[in-house]
Amino acid sequence: MSMHEKTDMALPPKGDTPYDAPSAHQLIEGVNQFISEELYRENTQTNKWKLRIASNALAIAAREIRNIHEDKKMLKGVLDDLEVQSEKELSEALRNGEFDNRLEDIHGILIPLVQKKLLVANPAYLINENDS
Amino acid sequence: MGNTDDSLATFLVEALSERLGNITITNLFRLTGGANRETWSFDTVDTDENITELILQLDRAGLDRLIGTCAKESQILKKAAKWKVPVAAVVISSDVPNPLGRSFTVTHRIQGETIARKILRDKEWEIARSKLVSNCATALAAIHAIPEEELEELALVKVTDSLASLVDIYDALCDPHPTFDLAIRWLEANRPEPLKSCLVHGDFRLGNLLIDEDGLRAVLDWEIAHLGDPAEDLGWMCVRAWRFGGIGKVAGLDEYEDFINAYEKSSGTHVPLETLLWWEIFGTLRWGVICLQMGGDFRAGRTTSIEMASIGRRVAENEYDLLSALKEQLYEHA
């Protein structure tokens, strides 16, 4: 085997993880591809509908793994700015009327948080305002 | 047929024998859709080779809050049919206990389409689309005109404060979503005058409407019918989730004014636009809480359905729609 061929054998870096590869994210994406392509082609109409639901669920899981660290930081930043410890505390304050004099501000603060959730749960919902 | 289908067919032969005589069951298969129900399509063939096309609906196993909904629905269907609401005729129904262990209803099968995306887009439903919102307004007016005394024997839930009832459910779930609380605060401060108290379908929307080439044929899924404000049904039909990607505000087809005018023409009741919009926002919150509840059934181990699990993640869509609607209300009406 030549040196050139050995270089080509190098595996993609697996990053800072105690586990072997493929990663959780790669496994989920792989299973999703298997479901949405190979299994989908071979199945009945009823099962195709079920497979689409399963595939969508896996896609949510993959996007969550990718985004969770950044989105957690953003949520914490928003809660800190509003001087509340949790979403529960924010909910209670809203219901009790503690933010009644700044509902527009709260509205503006909640929009990016909800957009982040949608980017994981269903990004298409944001792309096409008329699609659901 | 598999084992489950075989035992279901045996059960149906027994259950239907009194009404339809000596029959065999053919073409039994489960239909897709319906998170709370199992729906099966089948035909019966009697000794003279007469074929009857039927639908079986069953309470979904394992969810206690749904026990008995099919049997109760059949009683409502019979009343609705009497008052000229387009519905499928009931053949038999049963509450538990029965050999199946779940309440069920068998109705006649009406040919047509229920899948919203097909209704909204396929060429074959073009004429039906042009009539659908008007047909819906007429059907809603017929539902809302059934005298309350006709319904007394059904012991329907009477909802006098829909918002308070919804908030009770949301609070009981113990999963706070600040967007929902913002919406609740706005809804509490901007309540419209009630129109009246009457039968409310509770889930009147594309997906629960069977249409043929000529328009609305049957209103389906009466499982959460109750007594309440008729504007609840109108607002629900406008919720973005039930537009299925269509551009019109009402069922993805028409604009608010078309719907308000058609309903007024059929019912004699004018629904102010502000009232309709309040009930649409209420409906969006309600669908959000339902999504939370359905996803919660998976989280709590009451169902293994991935469909139910996935619906839990649709909460964010409702939060987004609530914020969009509230933006108009908070800023533009300030």
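Predicted model only: the values in this text are computed from it and were never measured. (Residues numbered from 1 in each chain as written. Chains lettered and ligands numbered in written order. Predicted model: local features only at pLDDT ≥ 70, side-chain atom pairs only at ≥ 80, totals over all residues. Heavy atoms only, no water.)

Peer 1: Can you help me understand the overall build of chain B in this one?
Peer 2: A count of helices and strands for chain B gives 11 helices and nine strands. Relative to a compact globule of 334 residues, whose C-alpha radius of gyration would be 20 Å, chain B shows 20 Å and is just as compact. Its C-alpha atoms give chain B principal-axis dimensions of roughly 70 × 45 × 45 Å. The buried share of chain B, taken over its 334 residues, is 56%. Of all intrachain contacts in chain B linking residues separated by at least 6 positions in sequence, the fraction that spans at least 24 positions is 66%. (Helix = DSSP H or I, 4+ residues; strand = E, 2+ residues; numbered from the N terminus. Rg over C-alpha atoms; globule rule 2.2 N^0.38 Å. Buried < 20%, exposed > 50% of the residue type's maximum accessible area, 1.4 Å probe, protein only. Contact = heavy atoms within 4.5 Å.)

Peer 1: Help me out: how do you make sense of the interface of chain B and chain A in this one?
Peer 2: Frequently, the measure chosen for interface size is the accessible area that the parts lose on association. Listed by partner, the interface residues are 36 residues for chain B and 37 residues for chain A. Roughly 3,300 Å² is buried in total at the junction of chain B and chain A, and carbon and sulfur atoms are behind 58% of that figure. Across the pair Arg95 of chain A and Asp171 of chain B runs a salt bridge whose closest N-O atoms are separated by 2.8 Å. Viewed at the interface, chain A and chain B are joined by 12 residue pairs in polar contact (both at pLDDT 80 or more). Residue composition of the side of chain B that touches chain A, grouped by class: 16 nonpolar, seven polar and 13 charged. (Buried area = accessible area lost by both parts, 1.4 Å probe. Salt bridge = Lys/Arg side-chain N within 4 Å of Asp/Glu carboxyl O. Polar contact = N/O pair within 3.5 Å; in protein donor to acceptor, adjacent residues only side chain to side chain. Nonpolar A, V, L, I, M, F, W, Y, C, P; charged D, E, K, R; others polar.)

Peer 1: Looking at this model, I keep getting lost on unusual backbone geometry. Mind explaining?
Peer 2: Generally, phi is negative for residues other than glycine and the peptide bonds are trans, each holding for most cases. Going from Ala21 of chain A to Pro22 of chain A, the amide bond is cis rather than trans, its omega being 0°. Tracing the chain through its elements places Pro22 of chain A in the loop between helix 1 (3–8) and helix 2 (24–42). Positioned with a positive phi, Glu49 of chain B is a non-glycine residue whose angle comes to about 70°. Relative to the elements of secondary structure, Glu49 of chain B occurs in the loop between strand 2 (37–46) and strand 3 (51–59).

Peer 1: Help me out: how do you make sense of the domain arrangement of chain B in this one?
Peer 2: Residue and element names in this part refer to chain B. Looking at chain B, the domain boundaries give domain 1 (3–108) and domain 2 (116–332). A separation of 26 Å is found between the C-alpha centroids of domain 1 and domain 2. Tallying the contact residues gives 24 residues for domain 1 and 28 residues for domain 2. For the pair domain 1 and domain 2, the two sides together bury roughly 2,200 Å², of which 61% comes from carbon and sulfur. The interface formed by domain 1 and domain 2 includes three salt bridges. (Domains from an automatic or database assignment.)

Peer 1: It is not clear to me how the sheet that holds strand 1 (residues 23–31) of chain B should be interpreted in this structure. Could you clarify?
Peer 2: The strands that make up a sheet are held in pairs by hydrogen bonds between backbone atoms, and each pair lies either parallel or antiparallel. Residues and elements named next belong to chain B. Sheet architecture is open: five strands sit in the order 1-2-3-5-4, paired in antiparallel fashion. Bordering the open sheet on either side are strand 1 and strand 4 (90–94), each of which pairs with just one other strand. Strand-to-strand twist in this sheet, taken as the mean axis angle between neighbours without regard to direction, amounts to 20°. As paired elements, strand 4 and strand 5 (residues 104–108) share four bridges and run antiparallel to each other. Bridge pairing links Ser94 to Phe104 in strand 5. (Pairing = 2+ DSSP bridges. Axes fitted to C-alpha atoms, helices over the stretch in contact; angles between N-to-C directions.)

Peer 1: Looking at this structure, I do not really get the pattern of salt bridges. What am I missing?
Peer 2: On inspection of all chains with the given rule, the structure shows 28 salt bridges over all chains. Across the salt bridge formed by Glu64 of chain A and Arg313 of chain B, the nearest N and O atoms sit 2.1 Å from each other. Remark: Arg313 of chain B occurs in the loop between helix 10 (306–312) and helix 11 (315–332) and Glu64 of chain A occurs in helix 3 (residues 45–81); the pair is interchain, linking two chains. Glu64 of chain A sits in the partly exposed class, given a relative accessible area of 30%. For Arg313 of chain B, a relative accessible area of 34% corresponds to the partly exposed category. Here Asp161 of chain B and Arg191 of chain B are joined by a salt bridge, their closest N and O atoms 3.1 Å apart. You can see Asp161 of chain B sitting in the loop between helix 4 (126–144) and helix 5 (162–173) and its partner Arg191 of chain B sitting in the loop between helix 6 (178–189) and strand 6 (198–200), a full 30 residues away along the chain.

Peer 1: How should the nonpolar core be read in this particular structure?
Peer 2: The tendency in soluble globular proteins is for nonpolar side chains to be buried side by side. Residue and element names in this part refer to chain B. Judged by nonpolar contacts, the single largest core of 99 residues is most densely connected at Val85, Leu199, Phe204, Leu206, Trp222, Phe259 and Leu285. The leading source of residues in this core is helix 9 (residues 273–299), at 11 residues. Split by domain, this core shows at least three residues from each of two domains, domain 1 (3–108) and domain 2 (116–332). Not counting residues within four places of it along the chain, the set of residues in contact with Leu199 comprises Ile76, Ile143, His144, Ile146, Leu151, Leu156, Trp222, Ala225, His226 and Leu227. (Core = buried A, V, L, I, M, F, W, Y, C linked by side-chain atoms within 4.5 Å.)

Peer 1: Sorry if this is basic, but what is going on with helix 6 of chain B here?
Peer 2: An α-helical segment advances 3.6 residues per turn. Residues three or four places apart therefore align on the same side. Residue and element names in this part refer to chain B. Counted at 1.5 Å a residue, the expected span for helix 6 with its 12 residues is 16 Å, and the 17 Å between its end C-alpha atoms agrees. In terms of burial, helix 6 is largely enclosed, as nine of its 12 residues are buried. Here helix 6 has its buried residues at Pro178, Thr179, Phe180, Asp181, Leu182, Ala183, Ile184, Trp186 and Leu187. (Expected span 1.5 Å × (residues − 1).)

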